[in-house]
Amino acid sequence: MEIQVLKRGLKLLELAADEPDRIFSVSDFAEASGMKNTTCYHIINTLVTMGYLETQGKRKGYRIGPAVNHFSSQSVYRHELTEQAKPMLEKFATELGETILLAVTRNGTRYILIKEEGRNTIQVKPDLILQDIYGNATGRLLLAHTTPEDLESAIKALGLPTIWKEAETREDLERSLAEIRQKSCMIIERTDFYQIAVPVWDSSNTPAALGTFVPSYRFNGNHREEILQELKNIAKELSK
């Protein structure tokens, strides 16, 4: 038995993935898929909520979203950024030995677009999708630079932070995010490792973040300075 709504949703995703740089209107999707505008609109809204499509703003249309990269070896979402970033991340992982990733957030969820594993035997391994963006450096950094609409979506989905003690109230959260926006680098110290993140701005003007997770015993001296400098260098290159 065919499930029509599933088929229709997958058809919209196929259309968006075939032209990842194109901004589709509801009418574009409806015409290409043979659906009514109202039916198409409801399916699109669900796909946006789940991160498979991304809205460009009210009445501005839609494009492929970050969640599709979780299911594909090829980075379809923001592919120009990920293609440019991949050799830089490979070099970082090889030369510095630490795992590095490129992430975005949508509707309160952090998505890792690409990740390169470090060569050191002991690594801190991040989840591919981490629901609670309050608990990691890339999540907090991205939240600080996101739109007011995305911030509201995150709070609606997750509530106010409990894992982030300095931001448990709405007032404290907004103050903490404002402080993060003033920094070029976000560092969170945990019991036995550090989380580090820096912002990336490409031509889409939508924030992404580079992040690495380093065991405490390695995050010191020259190695610490090399990690921080190289993260900033990569971010600067990707932001051109």
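Before any of the text, the structure's been laid out above.
Predicted model, so just to flag it, every value in this text is computed and none were measured.

Quick notes on the rules
Residues numbered from 1 in each chain as written. Predicted model: local features only at pLDDT ≥ 70, side-chain atom pairs only at ≥ 80, totals over all residues. Heavy atoms only, no water. Helix = DSSP H or I, 4+ residues; strand = E, 2+ residues; numbered from the N terminus. Rg over C-alpha atoms; globule rule 2.2 N^0.38 Å. Buried < 20%, exposed > 50% of the residue type's maximum accessible area, 1.4 Å probe, protein only. Areas by Shrake-Rupley, 256 points an atom, 1.4 Å probe, with all protein chains shown as cover. Lys, Arg positive; Asp, Glu negative; His and termini not counted. Charge placed at Lys NZ, Arg CZ, Asp CG, Glu CD. Polar contact = N/O pair within 3.5 Å; in protein donor to acceptor, adjacent residues only side chain to side chain. Phe/Tyr/Trp six-rings, centres within 6.5 Å; stacked < 30°, edge-to-face > 60°. Axes fitted to C-alpha atoms, helices over the stretch in contact; angles between N-to-C directions. Parallel < 35°, antiparallel > 145°, perpendicular 65-115°, else oblique. Left-handed = near helix turned anticlockwise from the far one by under 90°. Contact = heavy atoms within 4.5 Å. Nonpolar A, V, L, I, M, F, W, Y, C, P; charged D, E, K, R; others polar. Pairing = 2+ DSSP bridges.

Asker: So what exactly am I meant to see when it comes to the overall build of the protein here?
Answerer: When helices and strands are tallied, the protein shows eight helices and eight strands. For 240 residues, the compact-globule estimate of 2.2 N^0.38 gives 18 Å, and the protein sits close to it at 19 Å. Judged by the C-alpha coordinates and their principal axes, the protein covers about 60 × 40 × 40 Å. Residues counted as buried form 50% of the 240 residues belonging to the protein. As displayed, the protein offers around 12,600 Å² of accessible surface, 50% of which is attributable to carbon and sulfur atoms. Here the protein holds 30 positive side-chain charges and 33 negative ones, and the gap between their average locations is 3 Å.

Asker: Honestly, the side chain of N136 in this entry has me stumped. Any pointers?
Answerer: Among the secondary structure elements, N136 is positioned in the loop between β5 (129–130) and α5 (137–145). Classification of N136 as buried rests on a relative accessible area of 2%. In this structure the side chain of N136 is engaged in a polar contact, spanning 3.4 Å, whose partner is the side chain of R110. Looking at N136, its side chain comes within polar contact range of the main-chain nitrogen of G139, at 2.6 Å.

Asker: What is the right way to read the packing of aromatic side chains from this model?
Answerer: Each aromatic ring pair is described using two quantities: the centre-to-centre distance and the angle formed by the ring planes. In the structure shown here, the tally under the stated rule is two aromatic pairs. Ring geometry for F24 versus F29: centroids 4.6 Å apart, planes at 10°, classification stacked. Take F24 and F29: they sit in the same class, and that class is buried. Relative to F219, the ring of Y194 has its centre 4.8 Å away and its plane inclined at 40°; by these criteria the two rings are tilted. Remark: F219 occurs in the loop between β8 (207–215) and α8 (221–238) and Y194 occurs in strand β7 (residues 193–201); sequence separation between them is 25 residues.

Asker: It is not clear to me how the packing of helix α2 (residues 26–33) against helix α3 (residues 37–49) should be interpreted in this structure. Could you clarify?
Answerer: The relative placement of two packed helices comes down to the angle between their axes together with the axis-to-axis distance. Contact geometry for α2 and α3: axes closest at 9 Å, N-to-C directions at 110°. Of the possible angle classes, the one that applies to α2 and α3 is roughly perpendicular. As for how α2 packs across α3, the hand of that crossing is right-handed. Residues V26, S27, F29 and A30 of α2 form the contact with α3, whose own contacting residues are N37, C40, Y41 and I44. Looking at the contact of α2 with α3, its residues break down into six nonpolar, two polar and no charged.

Asker: I would appreciate a short explanation of the side chain of R63 in the present structure.
Answerer: Here R63 shows up in strand β2 (residues 62–64). Owing to a relative accessible area of 12%, R63 belongs among the buried residues under this scheme. In this structure the side chain of R63 is engaged in a polar contact, spanning 2.7 Å, whose partner is the side chain of E54.

Asker: What is the right way to read the pairing of strand β4 (residues 109–116) from this model?
Answerer: Put simply, side chains in a regular strand alternate between the two faces of the sheet. Taken across its eight residues, β4 has seven buried, putting it largely inside the fold. In the sheet, strand β3 (residues 100–106) pairs with β4 via seven bridges, with the strands oriented antiparallel. By the bridge assignment, T105 is partnered in β4 with R110. Taken together, β3 and the strand that follows it, β4, pair antiparallel across an intervening segment of two residues, in which N107 is found at a positive phi of about 50°.

Asker: Is there a simple way to explain the packing of α5 against helix α7 (residues 170–181) in this structure?
Answerer: Where α5 contacts α7, the axes come no closer than 8 Å and their chain directions differ by 95°. Taken together, the axes of α5 and α7 are roughly perpendicular relative to one another. Where α5 abuts α7, its residues R140, L141, L143, A144 and H145 lie against L177, I180 and R181. Taken together, the residues of the contact of α5 with α7 sort by class into five nonpolar, one polar and two charged.

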